[in-house]
There are 2 protein chains.
Amino acid sequence: MAKNITIAVDAMGGDRAPHMVIEGIAQARTLFPNTKFLVFGDEAQIKPLIAGFPELTSASEIIHTTDYVSSDMQPSQALRKGRQSSMGLAIQSVKDGAADVALSAGNTGALMALAKFMLRTMPGIDRPALISPLPTLRGESVMLDLGANVECDSNNLVQFAIMGAAYVRTVFGLSRPTVALLNVGVEELKGKDSIRAAADILRESRHLPLDFVGFVEGNNIATGEVDVVVTDGFTGNVALKTAEGTARLVTDLLKRAFQSSLSTKLGYLLARHGLSSLRDHMDPNNHNGGVFLGLNGLVMKSHGGANAHGFASAVASAIDMAQNDITRLIADDLNEITHADDQRGAI
Amino acid sequence: MAKNITIAVDAMGGDRAPHMVIEGIAQARTLFPNTKFLVFGDEAQIKPLIAGFPELTSASEIIHTTDYVSSDMQPSQALRKGRQSSMGLAIQSVKDGAADVALSAGNTGALMALAKFMLRTMPGIDRPALISPLPTLRGESVMLDLGANVECDSNNLVQFAIMGAAYVRTVFGLSRPTVALLNVGVEELKGKDSIRAAADILRESRHLPLDFVGFVEGNNIATGEVDVVVTDGFTGNVALKTAEGTARLVTDLLKRAFQSSLSTKLGYLLARHGLSSLRDHMDPNNHNGGVFLGLNGLVMKSHGGANAHGFASAVASAIDMAQNDITRLIADDLNEITHADDQRGAI
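This is a predicted model, so every value here is computed, not measured.

## Observations regarding the packing of aromatic side chains
- Overall, the coordinates contain 5 aromatic pairs over all chains when judged by the stated rule.
- Aromatic side chains Tyr167(B) and Phe172(B) sit 6.3 Å apart centroid to centroid with 80° between the ring planes, which places their arrangement in the edge-to-face category.
- Counting every residue linked through ring pairs, the aromatic cluster contains Phe258(A), Tyr268(A), Phe258(B) and Tyr268(B).
- Note that Arg120(A) overlies the ring of Phe117(A), its terminal NZ or CZ placed 5.0 Å from the centroid.

Here's what the structure looks like:
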């Protein structure tokens, strides 16, 4: 039987907070009627908004604070001043066991710093990773790390592979996700030592519930060649933002193209129904739900520019992960790989 | 007065070689009537093709060889077996001073290995870099290194900045290009030590003919925030391929969208004139001409999938760089920075 999930929501994070957040959880609530929300933020602003959604009144509890983390606050500042903010208190409620997962559309660097400091990494994980779904030609894949760690060694990459596969099993429902390490295509170079060493470990880990297929290149991210793309946080952050920038470039050029003459404008009117499916597929709101994996507790990041629909889809992912207890899944897989190492060591 | 340029052409490299190559140089020849071509490859195939372009007969000389570098040849194999190939002999002619620049649409890894081995890096440059123009919202920018070096230190990055700026001054004709280092956006991390150290050196190098503006993120590549994006070869290769993959994803989804109904098909017919300008802007043939900078001699790489028009535009870049003597420009800028260091050291 599905467990009833409690979500700690930072009502003050995101470009259109708190309206967007409250509308988002209201939308999610209609789909997941057993979910409860702890809503952290300024009661004077939040209470009237919740009153607009009768389905929320019994399902939500406001925890009042006027402190909040601004979008330009440095992570170091957030660590000093943000513990009593709506973001900090939401994370604290996960630590205390009052909520199953914390969700914020606020400042990513601050959220990462606070989550790492307050929850600490789980046993067997050296560094947490930021993971997010991405649109591909085949549907969706995930990539990690997207910026939590600039430099990664081979063990970090192996741990990311395990965490990424656990995410895909939980959120996408695939029993044996395909996993690859992001590498460069120029043959002679064959990538960095850390990547080759991680590949060696993963190739020998056939007992894990994932299918390691070797290396992919940057262009294979968008084709959806594999379910999980594993890389260090520097490369992952650059690749994610390069993909976002390129998608915007093409769609901006497309808009210009449609505006260029009467004929193209008419063409747009006729084609717009079809074009909306393209827009839907590329819309970050439909692939919303970055997660910090590897901590003693679940913390999710929604896009800062998300709309209510986008925030609701982040809530849906949060429920999935909490119900499937992704933290335990990761711990089990880590045990597998450690146990296998012990056996090899004993021979 | 413009110098007459001689280009060493590998006629056997590229998906549609040698036809595409010969047609490409014929197109370029009509625009640059004083250019001469040394055409390396199988005379039996090349001679009849050249006969089809009367303007080429007096402007080209065939240097016969049946050896060629296949697209799947490893760089190490190319170093052993490729010296007498059409690619190897084209590079050798640059070394011997018979040609001003070598141009190939063949195997990138092999071309890089042969060029580096045969020409060696120029004084003051520790590692060559692969640079290429990219389409942006503002027009074109360049990025380097795109895959020649997996690991780079701060001096490598500074040298790349100088070489990239020299490329933009030569090929785009800008007197003081804007230059930035590619970095991640998560503030706390502030990127790698090597990147921060390179930024410190570039900030102090105001005497160089470039405008160093600090850091950019992945999404700023496509917006064309700066003229020159500097990064290590691993990140650059991933970013370039991620951008190519994303552009293809969006255009593939666009094609699907236009095929989805009678109305969208009709819309496409009306809009296609405008859409062709989008296609032109994103077409790699219109941004063709990767160059290995930092060697004692110029070697250019055309896209393997280039058509004749694309190859002709690579020839045009090659002529630009050879006429402006980009190798000397880079040497002068390196002198500037070394000289400034000496002066600081003497104080």
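## Let's talk about the pairing of strand E1 (residues 6-10) of chain A
All names here are of chain A.
- For E1, the tally of buried residues reaches 5 of 5 residues, placing the bulk of the element in the interior.
- Burial along E1 is two-sided: the face carrying Thr6, Ala8 and Asp10 and the face carrying Ile7 and Val9 are both buried.
- Bridge count between E1 and strand E2 (residues 36-41): 5 bridges; the pairing is parallel. Bridge pairing links threonine 6 to lysine 36 in E2.
- Chirality of the crossover, the property in question, places the unit of E1, helix H1 (residues 19-31) and E2 among those that are right-handed.
- Bridge count for E1 against strand E4 (residues 101-104) is 3 bridges, and the pairing is parallel. Considered in E4, the bridge of valine 9 is made with leucine 103.

## Comments concerning the packing of helix H5 (residues 86-95) of chain A against helix H6 (residues 108-119) of chain A
Residue and element names in this part refer to chain A.
- Across the interface, H5 lies against H6 with an axial gap of 10 Å and an inter-helix angle of 35°. The handedness of the crossing between H5 and H6 comes out as right-handed. Judged by residue contacts, Met87, Gly88, Ile91, Gln92, Val94 and Lys95 of H5 engage Ala110, Leu111, Leu114, Ala115, Met118 and Leu119 from H6.
- The residue makeup of the contact of H5 with H6, split by class, is 9 nonpolar, 2 polar and 1 charged.

## Some remarks on the pattern of salt bridges
- Applying the stated criterion to the full structure yields 16 salt bridges over all chains.
- A single network of salt bridges, built from pairs that share partners, joins Asp325(A), Arg328(A) and Asp332(A).

## Comments concerning a nonpolar patch on the surface
- On the surface, Leu266(A), Tyr268(A) and Leu269(A) cluster together into a nonpolar patch covering about 260 Å² of accessible area.
- Mapped onto the elements, Tyr268(A) comes out in helix H11 (residues 262-282).

## Notes on the interface of chain A and chain B
- Facing 61 residues of chain A, the contacting portion of chain B comprises 61 residues.
- When chain A packs against chain B, the two sides together hide about 5400 Å² of surface, and 74% of this comes from carbon and sulfur.
- With its nearest N and O atoms 2.3 Å apart, the salt bridge here joins Lys241(A) to Glu217(B).
- At the boundary of chain A and chain B, one finds 8 residue pairs in polar contact (both at pLDDT 80 or more).
- Secondary-structure elements contributing two or more residues to the side of chain A that touches chain B are H6, helix H9 (219-223), helix H10 (233-258) and H11 of chain A.
- At 21 residues, the largest contribution of residues to the side of chain A that touches chain B is made by H10(A).
- Per-class residue counts for the side of chain A that touches chain B are 31 nonpolar, 22 polar and 8 charged.

## What to know about the nonpolar core
- Counting 106 residues, the largest nonpolar core has Ile7(A) and Tyr167(A) as its most contacted members.
- No other element matches helix H7 (residues 154-172) of chain A, which puts 11 residues into this core.
- Every residue in contact with Tyr167(A), bar those within four places of it in the chain, is listed here: Ile131(A), Pro133(A), Val142(A), Phe172(A), Gly289(A), Val291(A), Leu293(A), Met321(A) and Ile326(A).
- One finds Met112(B), Val168(B), Ala239(B) and Leu240(B) within the second-largest nonpolar core, a separate group that totals 105 residues.

## Remarks on helix H8 (residues 193-203) of chain A
- For H8(A), the set of buried residues is Ile195(A), Ala198(A), Ala199(A) and Leu202(A). Down the axis, H8(A) shows its buried residues gathered within 105° of arc, on one side only.
- Residues of H8(A) that are buried sit in contact with H7, strand E7 (178-182) and strand E8 (211-216) of chain A together with helix H10 (233-258) of chain B.

## So, the relation of the copies chain A and chain B
- Of the transformation placing chain A onto chain B, the axial shift is 0.0 Å and the rotation is 180°, giving an RMSD of 0.0 Å. Between the two chains, the operation in question is that of a two-fold axis. Closest approach to the rotation axis among the C-alpha atoms of chain A is made by Gly267(A), whose C-alpha sits 1.9 Å away.
- Most of the interface of chain A is mirrored in chain B: 100% of its interface residues are interface residues there too.

## So, the domain arrangement of chain A
Residues and elements named next belong to chain A.
- Looking at the assigned domains, one finds that chain A contains domain 1 (1-122 + 300-324) and domain 2 (126-293).
- Once you take the C-alpha centre of each, domain 1 and domain 2 turn out to be 25 Å apart.
- Every contact between the two is made by 20 residues of domain 1 and, on the other side, 19 residues of domain 2.
- Taken over both partners, the interface formed by domain 1 and domain 2 buries close to 1600 Å², and the fraction arising from carbon and sulfur atoms is 60%.
- For the pair domain 1 and domain 2, the interface holds 0 salt bridges.

## A few points about the sheet that holds E4(A)
All names here are of chain A.
- One open sheet holds the 11 strands; their spatial order is E3-E2-E1-E4-E11-E10-E5-E6-E9-E7-E8, and the pairing between them is mixed. Since the sheet does not close on itself, it has two edges, and those belong to strand E3 (60-64) and E8, each with one partner. Within the sheet, the average angular offset between the axes of one strand and its neighbour, ignoring direction, is 25°.
- On top of the sheet, H6 reaches E4, strand E5 (129-135), strand E10 (290-293) and strand E11 (298-301); it is set at about 180° to E11, its chief contact.
- The strands touched by H7 are E5, strand E6 (140-144), E7, strand E9 (228-230) and E10; relative to E6, the strand with the most contacts, the crossing angle is about 150°.

## Comments concerning the packing of helix H7 (residues 154-172) of chain B against helix H8 (residues 193-203) of chain B
Residue and element names in this part refer to chain B.
- Contact pair H7 / H8: the axes reach a minimum separation of 8 Å and the direction vectors enclose 50°. Considered as vectors, H7 and H8 are oriented oblique to each other. The crossing of H7 and H8 is right-handed. Where H7 approaches H8, its residues Ser154, Asn155, Leu157, Val158 and Ala161 are matched on the opposing element by Ser194, Ile195, Ala197, Ala198, Ile201 and Leu202.
- Of the residues contributing to the contact of H7 with H8, the split by class is 8 nonpolar, 3 polar and no charged.

Criteria and thresholds
- Residues numbered from 1 in each chain as written.
- Chains lettered and ligands numbered in written order.
- Predicted model: local features only at pLDDT ≥ 70, side-chain atom pairs only at ≥ 80, totals over all residues.
- Heavy atoms only, no water.
- Phe/Tyr/Trp six-rings, centres within 6.5 Å; stacked < 30°, edge-to-face > 60°.
- Lys NZ or Arg CZ within 6 Å of the ring centre and 35° of its normal.
- Buried < 20%, exposed > 50% of the residue type's maximum accessible area, 1.4 Å probe, protein only.
- Helix = DSSP H or I, 4+ residues; strand = E, 2+ residues; numbered from the N terminus.
- Pairing = 2+ DSSP bridges.
- Right-handed = clockwise from strand over helix to strand, strands pointing away.
- Axes fitted to C-alpha atoms, helices over the stretch in contact; angles between N-to-C directions.
- Left-handed = near helix turned anticlockwise from the far one by under 90°.
- Contact = heavy atoms within 4.5 Å.
- Nonpolar A, V, L, I, M, F, W, Y, C, P; charged D, E, K, R; others polar.
- Salt bridge = Lys/Arg side-chain N within 4 Å of Asp/Glu carboxyl O.
- Patch = residues over 30% accessible without salt bridge, like charges linked within 9 Å, V, L, I, M, F, W, Y side chains within 5 Å.
- Areas by Shrake-Rupley, 256 points an atom, 1.4 Å probe, with all protein chains shown as cover.
- Buried area = accessible area lost by both parts, 1.4 Å probe.
- Polar contact = N/O pair within 3.5 Å; in protein donor to acceptor, adjacent residues only side chain to side chain.
- Core = buried A, V, L, I, M, F, W, Y, C linked by side-chain atoms within 4.5 Å.
- Arc of directions from axis to C-beta.
- Least-squares fit on C-alpha atoms with pLDDT ≥ 70 in both.
- Domains from an automatic or database assignment.
- Parallel < 35°, antiparallel > 145°, perpendicular 65-115°, else oblique.

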